[in-house]
Amino acid sequence: MELSLQEREFLLQSIREIKDFPQEGILFRDITTLLNNPKAFSFLMEHLIKRYQDYCLDCIAGIESRGFIFGSILANRLNLAFVPIRKKGKLPYTTISEKYTLEYGFSEIEVHIDAFSANSLQKVLLIDDLIATGGTAYAAANLIKKAGAKCVESCFILNLKDLKGAKKLQSIVPVYSVLEI
């Protein structure tokens, strides 16, 4: 259920490119224009629904913050639970966390300790808008495992191939990217 070249181009054209943001030399991919385009956004969500409807998933976990958009809609359309993976200090209940390396230091993400059913090994889809260096996604996949669930695949709308994050993540979980740049 791969997208045709024409379908990929349709989605790519709905994503704005902003030069030199957030710093000089960066070409930022702004998905707000995709979200603001009902035809493109509906097409994308229908593609994801078709891809994952037969995966026998128990829930979808989305990485803060844009992963919440895609993940919660997809979870709702597939009649699944949605689990937010948030930056440290944002969840109100007892959490477990996973640290990851940034270019200049460390960061940490968390999930509620009871986010996944303790009765069975839940099958989870991890989703976010894009994968660049892969640090956050790698930490999120590890966090899902630490919380007692199984991350069966990670899904990204955009894969920035030159930064090799998907390749790194592929070592611990299958990766699907709708678009590759």
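What counts and how
Residues numbered from 1 in each chain as written. Predicted model: local features only at pLDDT ≥ 70, side-chain atom pairs only at ≥ 80, totals over all residues. Heavy atoms only, no water. Helix = DSSP H or I, 4+ residues; strand = E, 2+ residues; numbered from the N terminus. Rg over C-alpha atoms; globule rule 2.2 N^0.38 Å. Buried < 20%, exposed > 50% of the residue type's maximum accessible area, 1.4 Å probe, protein only. Contact = heavy atoms within 4.5 Å. Lys, Arg positive; Asp, Glu negative; His and termini not counted. Charge placed at Lys NZ, Arg CZ, Asp CG, Glu CD. Polar contact = N/O pair within 3.5 Å; in protein donor to acceptor, adjacent residues only side chain to side chain. Axes fitted to C-alpha atoms, helices over the stretch in contact; angles between N-to-C directions. Parallel < 35°, antiparallel > 145°, perpendicular 65-115°, else oblique. Left-handed = near helix turned anticlockwise from the far one by under 90°. Pairing = 2+ DSSP bridges. Right-handed = clockwise from strand over helix to strand, strands pointing away. Salt bridge = Lys/Arg side-chain N within 4 Å of Asp/Glu carboxyl O. Phe/Tyr/Trp six-rings, centres within 6.5 Å; stacked < 30°, edge-to-face > 60°.

What follows concerns the overall build of the protein. The helix and strand inventory of the protein stands at six helices and nine strands. A compact globule built from 181 residues should have a C-alpha radius of gyration of about 16 Å, and the protein, at 16 Å, falls within 12% of that. In terms of principal-axis extent, the alpha carbons of the protein reach across some 45 × 40 × 30 Å. Taking all 181 residues of the protein together, the buried fraction comes to 44%. When contacts within the protein are restricted to residue pairs at least 6 apart in sequence, those whose partners lie at least 24 apart make up 57%. Separation between the mean location of the 22 positive side-chain charges and that of the 21 negative ones in the protein comes to 2 Å.

In this section: the side chain of E64. Secondary-structure assignment places E64 in the loop between strand 3 (59-63) and helix 4 (66-77). Looking at E64, its side chain comes within polar contact range of the side chain of R86, at 3.0 Å. Sequence-distant contacts of E64, that is, excluding residues within four places in its chain, are made with I85, R86, K87 and K90.

Attention shifts here to the packing of helix 3 (residues 38-52) against helix 4. Between two packed helices, the angle of one axis relative to the other and the distance separating the axes together describe the packing. Between helix 3 and helix 4, the least distance of the axes is 10 Å, while the angle of their chain directions is 55°. Classified by the interaxial angle, the pair formed by helix 3 and helix 4 is oblique. Relative to helix 4, the crossing made by helix 3 is right-handed. From helix 3, F41, L44, M45, E46, L48, I49 and Y52 reach across to helix 4, where they touch I69, F70, I73, L74 and R77.

This next bit is on the pairing of strand 8 (residues 150-159). Counting buried positions along strand 8 yields nine of ten residues, so the element is predominantly enclosed. The sheet contact formed by strand 7 (residues 123-131) and strand 8 spans eight bridges and is parallel. Across the sheet, residue V124 finds its bridge partner in strand 8, namely C151. Judged from the five bridges that link them, strand 8 and strand 9 (residues 175-180) form a sheet pairing that is parallel. When the sheet's bridge partners are listed, C155 is paired in strand 9 with Y176. With helix 6 (residues 165-170) bridging strand 8 and its parallel neighbour strand 9, the resulting β-α-β unit is right-handed.

The full count for this structure, using the stated rule, is eight salt bridges. In this structure, the salt-bridge partner of R86 is E64, at a minimum N-O distance of 3.0 Å. Of this pair, R86 sits in strand 4 (residues 81-87) while E64 is found in the loop between strand 3 and helix 4, placing the two residues 22 residues apart along the sequence. R86 gets classed as partly exposed once you look at its relative accessible area, which sits at 21%. Residue classification places E64 among the buried residues on the basis of a relative accessible area of 18%.

Turning our eyes to something else, we now look at the packing of aromatic side chains. Under the definition given, this model contains five aromatic pairs. Aromatic pair F10 and F43: ring centres 6.0 Å apart, planes at 80°, arrangement edge-to-face. Here the residue F10 occupies a position in helix 1 (residues 5-13), and F43 occupies one in helix 3, the gap between them amounting to 33 residues. With 5.1 Å between their ring centres and 85° between their planes, F21 and F28 make a pair best called edge-to-face. Note on F28: relative accessible area 25%, which makes it partly exposed.

To continue, consider the side chain of E108. In this structure, E108 sits in strand 6 (residues 105-112). Nearest to the buried, unbridged E108 among oppositely charged side chains is K88, at 4.0 Å. Polar contacts involving the side chain of E108 include one to the side chain of S97, which spans 2.6 Å. When neighbours within four sequence positions are excluded, E108 is seen to be in contact with R86, K87, K88, S97, E98, K99 and Y100.

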